[in-house]
Each structure stands twice: as structure tokens, then as C-alpha cells.
Amino acid sequence: MAETHVLFVEDDDVIREATTLALERDGFVVTAMPDGLSGLESFRADRPDIALLDVMVPGMDGVSLCRRIRDESTVPVIMLSARADSIDVVLGLEAGADDYVTKPFDGSVLVARIRAVLRRFGHAGGPRNGAANGSETDGSDERGVLSFGDLEVDTEGMEVRKAGAAVALTPTEMRLLLEFSSAPGTVLSRDRLLERVWDYDWGGDTRVVDVHVQRLRTKIGQDRIETVRGFGYKLKA
């Protein structure tokens, strides 16, 4: 099995070295960079399997680096932030990050989050509860294409079209849309989405869900996913 290559961008020497050693002990190949500019150069040269970006790095901050990476690739990105309540967390997610981890973190927790993200990206599709064969919506056909107005979700080809035009989604956004499209009209709680899309088996930060829903709305239509205040979200059938 091919080794997983991690790009790790962190300016603190102690954290960078200790985390690199911890990841290498778990079998990852790590390229560690001290600033955003060298991180971007390394990303373009090496094309890693996943990027870990500290928010506050010199040269080019982690949020800006995430945007640059997302402009070029759908590779998974995890942001590292020293403040759980910081606006930096939301900015990182809005820039295209798939998840975030708050510092200080335990090495085993970081590894678990990395593996959870990689599982999602290794199997970005796979609608659940029979969505692929159309058992949960009248808008499906034998090709596994679900239709919601002008929105089409190909659950086998992992493609989305709006009014006939292709919509580019990250794997996390695709999984989120598949979860909604498997149960159109059904309210899905944030906790359920964290469990099913982010592979959390414990309560996580619901901002991850909220920001990704907003990102998805900008791509498939602001009115396609409805907020049900106090309960969650649902896809309009």
C-alpha cells in the first residue's frame, strides 16, 4: 500500500518537529515547512495526499495558503488553530478547509482526524440508505441520477449539474450533498451530518457543518438547502 504523504506547515520549531515525528511513527511521510510560501512551493512540487496548515504562519498565512491550494486542487486540508473560538477557524473553513484541529492537540487525536478525512476522500461517494438506486426519491433514474428541480446528482459518476452545467464540488461537499439527497425533505441534524459526513463518532464543532452547508449553497443554489431553525437542514425535494 502506498504511503500517505502529508504536507505540514507550522512555524513553531518545537511543534513542527514533535508533530512530524509523531506522524512518521504512525507511518506517514511528512514534508514539514516553516512558512506559507515554502508550503505552497512544496505543495506544487510534491502534490501531497493531505495538507495540515497552521493558521498563523509567516509569509503567507494558513488561510491564504488554503485558498491557493483549493484553487488548484481538491486535496484534503486540515487547519490548525490555537484558539477554538477564533474567527480564524471559520475563515479557514470558508477558504476551503475540510476540518480543523485546535492546538494544543494530542498526537493520537490528530492522527485520528487525518485518517477520518482520508477515509472520506478515499470513498467520496457511496450514498447511503439506498439513495443510489433511487429508493428514497422519486427524482431518480436507473443510472443513479437524482433530480431536484434543475439540480442533478449522479451518485455513481460522482458528478453534479445545475441547469445542465457541471458543478465542481470538493469530496467533502459531495458527501454532504449525497447525505442530503439520500433523504430529500428530511431534516438532518448537525450531529448526524458530523457523524455521517465527517466520520465523527462524538460531538464536534457544528461550525464545520454550517460553513460547508453555506459553501454548498453557493454552488447549487442558496434556496436549495433550507435551514430548519433549532433542528438542522434539509434539501428541498
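In this report, the structure presented in the accompanying data block is examined. (Residues numbered from 1 in each chain as written. Predicted model: local features only at pLDDT ≥ 70, side-chain atom pairs only at ≥ 80, totals over all residues. Heavy atoms only, no water.)

**Some thoughts on the sheet that holds strand S4 (residues 77-81)**
(1) Moving on: Taken in spatial order, the five strands line up as S2-S1-S3-S4-S5 in an open sheet, and their pairing is parallel. Each edge of the open sheet is held by one strand with a lone partner, namely strand S2 (29-33) and strand S5 (99-102). This sheet shows a mean twist of 20° between the axes of neighbouring strands, independent of strand direction. (Pairing = 2+ DSSP bridges. Helix = DSSP H or I, 4+ residues; strand = E, 2+ residues; numbered from the N terminus. Axes fitted to C-alpha atoms, helices over the stretch in contact; angles between N-to-C directions.)

**Here we look at helix H3 (residues 62-72)**
(1) Moving on: Those residues of H3 lying buried are Gly-62, Val-63, Leu-65, Cys-66, Ile-69 and Arg-70. The arc that holds the buried residues of H3, viewed along the axis, is 155°, so those residues lie on one side.
(2) Moving on: Looking at the buried side of H3, the elements it contacts are strand S1 (5-9), helix H2 (36-46), strand S3 (50-54), S4 and helix H4 (87-94).
(3) Moving on: Backbone nitrogen of Val-63 and a side-chain oxygen of the N-cap are separated by 3.0 Å at the start of H3; the cap is Asp-61. (Buried < 20%, exposed > 50% of the residue type's maximum accessible area, 1.4 Å probe, protein only. Arc of directions from axis to C-beta. Contact = heavy atoms within 4.5 Å. Polar contact = N/O pair within 3.5 Å; in protein donor to acceptor, adjacent residues only side chain to side chain.)

**With respect to the pattern of salt bridges**
(1) Moving on: Scanning the model with the defined rule gives 15 salt bridges in all.
(2) Moving on: Glu-72 serves as the salt-bridge partner of Arg-47, at 3.7 Å between the closest nitrogen and oxygen. Of the two residues, Arg-47 sits in the loop between H2 and S3 while Glu-72 sits in helix H3, which places them 25 residues apart along the sequence.
(3) Moving on: Glu-72 gets classed as partly exposed once you look at its relative accessible area, which sits at 33%.
(4) Moving on: The network of salt bridges with common partners includes Glu-10, Asp-54 and Lys-103. (Salt bridge = Lys/Arg side-chain N within 4 Å of Asp/Glu carboxyl O.)

**Some words on the pairing of S4**
(1) Moving on: Burial analysis of S4 places five of its five residues in the buried class, which makes it a mostly covered element.
(2) Moving on: Alignment of S3 against S4, held across four bridges, turns out to be parallel. In the sheet register, Leu-52 faces S4, and the bridge partner there is Ile-78.
(3) Moving on: Between the parallel elements S3 and S4, the chain passes through H3 in a crossover that is right-handed.
(4) Moving on: With four bridges joining them, S4 and S5 adopt parallel strand pairing. Bridge pairing in S5 places Leu-80 opposite Val-101. (Right-handed = clockwise from strand over helix to strand, strands pointing away.)

**Re the side chain of Thr-155**
(1) Moving on: Within the fold, Thr-155 resides in the loop between strand S7 (151-154) and strand S8 (159-162).
(2) Moving on: The class of Thr-155 is buried, set by a relative accessible area of 4%.

**A closer look at the sheet that holds strand S6 (residues 145-148)**
(1) Moving on: Here we have four strands laid out as an open sheet, ordered S6-S7-S8-S9, and antiparallel in their pairing. In this open sheet, the two strands that pair with only one neighbour each are S6 and strand S9 (165-167). Averaged over all neighbouring strand pairs, the angle between strand axes comes to 25°, with direction disregarded.
(2) Moving on: Relative to S8, S7 runs antiparallel, the two being bridged by four bridges. Pairing of Asp-154 across the sheet is with Glu-159, part of S8.

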